Amino acid sequence: MNVEDSAETDREQGFVQTITVGYRLVQALEQGGRGQTLKAVAAAADMPSWKAYPYLVSLARMGIVVQNPDTLCYGLGPGAAMLGLSAISQADVLSLAPEKMQILQDQVQLPVYLSVLGNLGPTIVRKFDWDSQLLVTMKLGHVLPLMSSGTGAIFLSYLPLHQLTGIIRQETGRDPDLAAIEEIVTRTRRDGVAVSERAFDLAFCSVSAGIFDHEEHLVAAITILGMNGRTDLSLESRAAELVLDTTRDLSRTLGSST
């Protein structure tokens, strides 16, 4: 390596180190909240105050950090908010979910489906079938009932009823049964998941959970499908715990605080 190459390598390493130190300070501010002293921020980032100070000054110039002129305490600035919003806006549940669904399927060894609300009802848009003795394979585009499926229960429980009234009328041939819907909503919100012991027909069971965005709006649901008598998809099952963990993980990626 010649002298010029060595100097260039040193500059690159220095640049990377600068970014790493700055990010540690941003993380400290994010975790500690607004109103942190220089000493507190530096301690949280595991560095001395004299080292943290010039980085905070640079971050403040970029709008990533703000300092209260009266208390001299630090917090995240509008630049950090814009970065966060930009990251959230670029997050897409249809592209993010498959990797998590594959992991979930490997854990439960059962079919896993992702559904979003279509004009006819909850519609399967991503799926991971499992080579097992299940005698059913759901196709992409398959529409699930709102009133009689675990997936439907998730959408009933977290979307406004006026958005679903037309779909329910088309599905049932009558106006929504408000008492039945209230029972579904109460149970699903209490449990965090929706369990169905008669998915598609009496032979199948399912457990579903919702995915939420940064405004806490429901954007999709993940469902695990099994066979009654062979598969434990009850509230206390490992599958119910795993589907809830998966949807919560995806929700956090989309900016939800749930």
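Residues numbered from 1 in each chain as written. Predicted model: local features only at pLDDT ≥ 70, side-chain atom pairs only at ≥ 80, totals over all residues. Heavy atoms only, no water.

A. Focus on the side chain of Asp213. Mapped onto the elements, Asp213 comes out in the loop between β6 (204-212) and β7 (218-227). Buried charge without a salt bridge: Asp213, with Arg189 as the nearest opposite-charge side chain at an N-O distance of 13 Å. Of note is the side chain of Asp213, whose polar atom sits 2.9 Å from the backbone nitrogen of Glu215. In this structure, Asp213 is in contact with Val219, Leu254, Gly255 and Ser256, ignoring residues within four places of it in sequence. (Helix = DSSP H or I, 4+ residues; strand = E, 2+ residues; numbered from the N terminus. Buried < 20%, exposed > 50% of the residue type's maximum accessible area, 1.4 Å probe, protein only. Lys, Arg positive; Asp, Glu negative; His and termini not counted. Salt bridge = Lys/Arg side-chain N within 4 Å of Asp/Glu carboxyl O. Polar contact = N/O pair within 3.5 Å; in protein donor to acceptor, adjacent residues only side chain to side chain. Contact = heavy atoms within 4.5 Å.)

B. Just helix α7 (residues 161-172), in detail. When we look at burial in α7, the residues that qualify are Leu164, Thr165, Ile167 and Ile168. Buried residues along α7 sit in contact with β3 (112-118), β4 (121-128), α6 (150-158) and α8 (178-191). Where α7 ends, the next residue or the one after it, Gly173, has phi of about 80°, a positive value.

C. Focus on the pairing of β3. Relative to β4, β3 runs antiparallel, the two sharing seven bridges. Each bridged residue has a counterpart across the sheet, and for Val116 the counterpart in β4 is Thr123. The turn joining β3 and β4, which pair antiparallel and follow one another in sequence, is formed by two residues. Taken together, the four bridges between β3 and β7 define a ladder with antiparallel strand orientation. Among the inter-strand pairings, Tyr113 is bridged to a residue of β7, identified as Thr223. (Pairing = 2+ DSSP bridges.)

D. Quick peek at the side chain of Ser196. Mapped onto the elements of the fold, Ser196 is located in strand β5 (residues 194-196). Look at Ser196 and you get buried, because its relative accessible area is 7%. Leave out the neighbours within four places in its chain, and Ser196 touches Ser148, Ser149, Gly150, Phe204, Cys205 and Ser206.

E. Focus on unusual backbone geometry. At Asp46, a position not held by glycine, the phi torsion is positive, near 60°. Of note, the phi angle at Leu72 is positive, near 65°, even though the residue is not glycine. Relative to the helices and strands, Leu72 resides in the loop between β1 (65-67) and β2 (74-76).

F. Just the packing of helix α5 (residues 93-108) against helix α9 (residues 238-253), in detail. Contact pair α5 / α9: the axes reach a minimum separation of 10 Å and the direction vectors enclose 165°. By the angle between their directions, the pair α5 and α9 is classed as roughly antiparallel. α5 and α9 meet at a crossing whose hand is right-handed. In this structure, α5 uses Leu96, Ala97, Lys100, Leu104, Gln107 and Val108 to contact α9, whose residues at the interface are Ala239, Leu242, Val243, Thr246, Asp249, Leu250 and Thr253. Among the residues making up the contact of α5 with α9, the classes are represented as eight nonpolar, three polar and two charged. (Axes fitted to C-alpha atoms, helices over the stretch in contact; angles between N-to-C directions. Parallel < 35°, antiparallel > 145°, perpendicular 65-115°, else oblique. Left-handed = near helix turned anticlockwise from the far one by under 90°. Nonpolar A, V, L, I, M, F, W, Y, C, P; charged D, E, K, R; others polar.)

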